[in-house]
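Summary of structural features
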2 protein chains.
Amino acid sequence: MEKKLTIRDIAKLSGVSASTVSRVLDDSDRISAETKKSVLEVVNQYGYKPQAAARNLARQKTSAIGIIIPQNDMNIYSSSFFQEALHGVSNSLSQNGYDVLISSGNPTELDAIKRLISTSRIDGIILLRSVVNDASIQYLTESKFPFVLIGTCLENPDVYSVDNDNQRAAYDIAYHMYMTGKRKMAIIGGTKSSVFIQKRLEGYEKLLVEKGLPINQDYIKLENASEDYGYQSMLELLKSPSRPDSVLVMDDSICVGVMKAINESGVKIPEEIAVACFNESSFTKYSRPALTTISLNFYDLGYCAAKTLLSVLNNEPIQKGCRYVDHLLTIRESTVSN
Amino acid sequence: MEKKLTIRDIAKLSGVSASTVSRVLDDSDRISAETKKSVLEVVNQYGYKPQAAARNLARQKTSAIGIIIPQNDMNIYSSSFFQEALHGVSNSLSQNGYDVLISSGNPTELDAIKRLISTSRIDGIILLRSVVNDASIQYLTESKFPFVLIGTCLENPDVYSVDNDNQRAAYDIAYHMYMTGKRKMAIIGGTKSSVFIQKRLEGYEKLLVEKGLPINQDYIKLENASEDYGYQSMLELLKSPSRPDSVLVMDDSICVGVMKAINESGVKIPEEIAVACFNESSFTKYSRPALTTISLNFYDLGYCAAKTLLSVLNNEPIQKGCRYVDHLLTIRESTVSN
DNA sequence: CTGAAAGCGCTTACAG
DNA sequence: CTGAAAGCGCTTACAG
């Protein structure tokens, strides 16, 4: 590694002051075209780049935002969520000269957040998840630290957030089931402590109410998000005297268990029972029959959250509350016979 | 957000100089116990933490390391690899006051690396993957920038790296197949351009050679890592006049396709064909029959890579080359009938 | 449009 | 064991 050039070296080499070099790099308009040109030549020739730490110290900002790695044992998200959302965040932010700082939630997410903030490492935070009465959200809101949530905050509708319209998505899929003649819909997987599960439940119930169908608590299996829970719940439903004629599953991995139960029982899809689930994966595409899915674009979620956070950090006037990112309903054999 | 306290504020409050506060925080031994105690009291009372940017600038290091998000379209890794490895890296590093900076490989991994280095944002890098003749590795080696590879570098055995012993793992599983009486083993999934696939192929061939078995090129299906490729390849093998009696699959997701092909054909597992694969997942555990697997601990890989990088950054004398992290062979019904 | 100077908040030889 | 001073490499009022 050769010795790093400083802004003073560049100033000397181009025959101007450091202030001028700084202004050129900042693309200030108060610089003559000629000076700008000649300085940039030197800058490019030597490949000079300002040191981030010095710049950040002088500007009194970090130009970095923080993200806490979600604990996977909660099994709440599709496996690719984190990587894709992070990708979206990173792409959006790096275009604007921001860094993304990762931390594991150690011992809790809130501790990690406090650490990042107290050592002045970040200007803002993107939360990848939330629970009901989320401690991190409360802390960030009270301390007025800039953040954007991927998800929806029930307690405070003013929180900047980006989410899929989970209520709408569940409604859409239930509506589709209804249109294919199904009247006894079950819903399986995930726990009500997750906000997005609550929202989906609302969408599901909304359709039932609109169509004058009863809400049958036995059809609502929302205690756990494991594949095995999907298997066991479906088994129960299949044995029940009033077997449902359709089922909406909260995640593709849970649906693996659901499909196994149905296949073992010999019940026909979609004639006797229609199946649809959230989150596209190789399983949903290659399953026999192929599965009708709602796919969520995690990359977009991350990208949009980062854009929103940038607006907040730049004090741009933006609307409070939640922004929605589109979902996609893909209809396949598991709900429509051909 | 209240006004941040600086080291001078703390100095004033505790009646010492800023230098002394700095030394106390650094736990220098050249400080009297009393001074240390009284300063720490003030520090804790006010919750003072040094600002990272100022400290980094003064120390002339960034206390951050970089990681580039792998492009998932290569489908090279198990889906949880990135998140788990990152978790390991982050835990190991944050214990030592380091930050983890994430960047997407935009437009290429090498570009992202150069950007991070040229703006002096990081002290070192952890590479999450490599290909044969990896451009990033070449660049980092030539510029003598500290880095650790998760994986194995074929071209330069001196590169610091952390990996599973893929050769040994494949050998182990082939040995297990051999001991259960299998003599015609196939190997499916992944591409030879991946170093770890090459290593596994070596282990597989090593066992065959040791046991005096022929190496049949028709049994080696290493062109692609998709589930569908697994399905198609297995279909071919099943139709072949000399059908293999065992198959080793490079990933659990590829194995979904392999299992589908076998199940459709009605061939019996493990009596007629034994199946084993890399990477544990809900699929391998709940599949019927349950699958024998080699599981790799991605968290450990990340944790160990970070530890190694820290040693490099601290100029500790460490051995060049690759460190291995244990793998685990879990034997289930797909290779041993009960 | 440009420069000299002060400052961002730390650390660390140097001197005592 | 402790402090005053210089310095890390930038930015940005201020003055011209």
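Residues numbered from 1 in each chain as written. Chains lettered and ligands numbered in written order. Predicted model: local features only at pLDDT ≥ 70, side-chain atom pairs only at ≥ 80, totals over all residues. Heavy atoms only, no water.

Topic: the protein's contact with DNA strand C
Taken together, the neighbourhood of DNA strand C is formed by 28 residues, with A:T20, A:R23, A:T35, B:I7 and B:S22 sitting nearest. In the environment of DNA strand C, a phosphate oxygen lies 3.0 Å from a nitrogen or oxygen atom belonging to the backbone of A:S17. Take A:R23: an N or O atom from its side chain is 2.5 Å from a base oxygen of DNA strand C. Going through the elements one at a time, α2 (18–25) and α4 (52–59) of chain A together with α1 (7–14), α2 (18–25) and α4 (52–59) of chain B are the ones with two or more residues in the surface near DNA strand C. Ranked by residues supplied to the surface near DNA strand C, first place goes to α4(B) with five residues. In terms of residue class, the surface near DNA strand C is made up of eleven nonpolar, ten polar and seven charged. (Near = heavy atom within 4 Å. Polar contact = N/O pair within 3.5 Å; in protein donor to acceptor, adjacent residues only side chain to side chain. Helix = DSSP H or I, 4+ residues; strand = E, 2+ residues; numbered from the N terminus. Nonpolar A, V, L, I, M, F, W, Y, C, P; charged D, E, K, R; others polar.)

Considering the side chain of A:S92
Residue and element names in this part refer to chain A. When you line up the elements, S92 lands in helix α5 (residues 81–94). Classification of S92 by relative accessible area gives buried; the value is 0%. Apart from the residues lying within four places of it in its own chain, the contact partners of S92 are Y303, A306, K307 and L310. (Buried < 20%, exposed > 50% of the residue type's maximum accessible area, 1.4 Å probe, protein only. Contact = heavy atoms within 4.5 Å.)

Section: the interface of chain B and chain A
In this assembly, 47 residues from chain B lie in contact with 47 residues from chain A. Applying the counting rule to chain B against chain A returns two salt bridges. Of the charged contacts in the structure, one is a salt bridge between B:R121 and A:D99, with a shortest N-O distance of 2.6 Å. Those elements giving two or more residues to the side of chain B that touches chain A turn out to be α4, α5 (81–94), β2 (99–104), α6 (109–118), α10 (227–239) and α12 (282–286) of chain B. (Salt bridge = Lys/Arg side-chain N within 4 Å of Asp/Glu carboxyl O.)

Some words on the pairing of strand β1 (residues 64–69) of chain A
Consecutive side chains along a regular strand alternate between the two faces of the sheet. Residue and element names in this part refer to chain A. Counting buried residues along β1, six of its six residues qualify, which places the element largely inside the surrounding structure. Of the two faces of β1, the one lined by A64, G66 and I68 and the one lined by I65, I67 and I69 are each fully buried. Pairing of β1 with strand β2 (residues 99–104) involves six bridges; the strand directions are parallel. When the sheet's bridge partners are listed, I67 is paired in β2 with I102. With two bridges joining them, β1 and strand β3 (residues 124–127) adopt parallel strand pairing. (Pairing = 2+ DSSP bridges.)

Quick word on the sheet that holds β2(A)
What the twelve strands build is an open sheet, ordered β13(A)-β5(A)-β4(A)-β3(A)-β1(A)-β2(A)-β2(B)-β1(B)-β3(B)-β4(B)-β5(B)-β13(B); its pairing is mixed. Only two strands of the sheet have a single neighbouring strand rather than two, namely β13 (322–325) of chain A together with β13 (322–325) of chain B. Sheet twist, expressed as the average angle between the axes of neighbouring strands with direction ignored, equals 25°. When strand β5 (residues 161–164) of chain A meets β13(A), the two strands line up parallel, connected through four bridges. When the bridges of β13(A) are listed, A:V162 appears paired with A:R323. (Axes fitted to C-alpha atoms, helices over the stretch in contact; angles between N-to-C directions.)

What to know about the relation of the copies chain B and chain A
Rotating chain B by 180° and translating it 0.0 Å along the rotation axis places it on chain A, where the RMSD comes to 0.1 Å. The transformation just described matches what one would write down for a two-fold rotation axis. By residue overlap, the copies meet face to face through one surface: 100% of the interface positions of chain B are interface positions in chain A. (Least-squares fit on C-alpha atoms with pLDDT ≥ 70 in both.)

Quick notes on the packing of aromatic side chains
Under the definition given, this model contains seven aromatic pairs over all chains. A ring pair is formed by A:Y171 and A:Y175, whose centres lie 6.3 Å apart and whose planes are at 20°; its orientation type is stacked. Here A:Y171 pairs with A:Y175, and both are found in helix α8 (residues 166–179), just four residues apart, close to one helical turn. Taking relative accessible area as the criterion, A:Y175 reaches 36% and is therefore assigned partly exposed. Geometrically, the ring pair formed by B:F81 and B:F298 is edge-to-face, given 5.2 Å between the ring centres and 80° between the ring planes. Of this pair, B:F81 sits in helix α5 while B:F298 sits in helix α13 (residues 298–313), and the two are 217 residues apart along the sequence. (Phe/Tyr/Trp six-rings, centres within 6.5 Å; stacked < 30°, edge-to-face > 60°.)

Here we look at the protein's contact with DNA strand D
The environment of DNA strand D is formed by 27 residues, the closest being A:I7, A:S22, B:T20, B:R23 and B:T35. Backbone atoms, meaning sugar and phosphate, make up 60% of the atoms of DNA strand D lying within 4 Å of the protein. One of the side-chain N or O atoms of B:S17 is found 3.0 Å from a phosphate oxygen in DNA strand D. When contributions to the surface near DNA strand D are tallied by element, the ones reaching two or more residues are α1 (7–14), α2 and α4 of chain A together with α2 and α4 of chain B. The element best represented in the surface near DNA strand D is α4(A), accounting for four residues. Its residues assigned to classes, the surface near DNA strand D shows ten nonpolar, ten polar and seven charged.

Observations regarding the confidence of the model for chain A
Low pLDDT marks regions whose predicted coordinates should not be analysed in detail. Taken residue by residue, chain A gives an average pLDDT of 90. The fraction at 70 or more is 96%. Confidence, read as mean pLDDT per element, is least for helix α12 (residues 282–286) of chain A in chain A (78) and greatest for strand β10 (residues 246–249) of chain A (97). (pLDDT = per-residue confidence, 0-100.)

What to know about the pattern of salt bridges
Residue and element names in this part refer to chain A. In the structure shown here, the tally under the stated rule is 14 salt bridges over all chains. Across the pair K199 and E202 runs a salt bridge, and its minimum N-O distance is 4.0 Å. Placement of the pair is K199 and E202 together in helix α9 (residues 195–210), with a separation of three residues, close to one helical turn.

Thoughts on the packing of α2(A) against helix α3 (residues 33–46) of chain A
Helices that pack against each other are described as a pair by the angle of their axes relative to one another and the distance between those axes. All names here are of chain A. Packing of α2 against α3 brings their axes to within 10 Å, and their N-to-C directions diverge by 90°. With respect to each other, α2 and α3 are oriented roughly perpendicular. Residue-level inspection shows T20, V21, V24 and L25 of α2 in contact with α3, the latter providing T35, K36, V39, L40 and V43. (Parallel < 35°, antiparallel > 145°, perpendicular 65-115°, else oblique.)

Re the sheet that holds strand β6 (residues 185–188) of chain B
All names here are of chain B. Pairing is mixed in the open sheet, where six strands are placed in the order β8-β6-β10-β11-β12-β14. The outermost strands of the open sheet, each flanked by one partner alone, are β8 (220–221) and β14 (327–330). Contacting β6, β10 (246–249), β11 (274–278), β12 (292–296) and β14, helix α8 (residues 166–179) crosses the sheet at an angle of about 165° to β11.

Considerations on the environment of A:S282
Here A:S282 shows up in helix α12. Relative accessible area serves as the criterion here: at 32%, A:S282 is assigned to the partly exposed category. Note: C-alpha distance between A:S282 and A:D252 (30 residues apart in sequence) is 9.3 Å. The contacts of A:S282, once residues within four sequence positions are left out, are A:S287 and B:E227.

A look at the side chain of B:N166
Summarising the element assignment, B:N166 is placed in helix α8. Leave out the neighbours within four places in its chain, and B:N166 touches B:F196, B:K199, B:R200 and B:F278.

With respect to helix α3 (residues 33–46) of chain B
Each full turn of the α-helix corresponds to 3.6 residues, which orients residues three or four apart in the same direction. All names here are of chain B. Spanning 14 residues, α3 covers 20 Å between terminal C-alpha atoms, matching the ideal 20 Å at 1.5 Å per step. All of the buried residues along α3 are V39, V42 and V43. When α3 is viewed along its axis, its buried side chains cluster within an angular range of 100° and face the same direction. Counted as exposed and oriented over 90 degrees from the buried face of α3: A33, E34, K37, N44 and Q45. One or two steps after α3, the chain reaches G47, where phi turns positive at roughly 60°. (Expected span 1.5 Å × (residues − 1). Arc of directions from axis to C-beta.)

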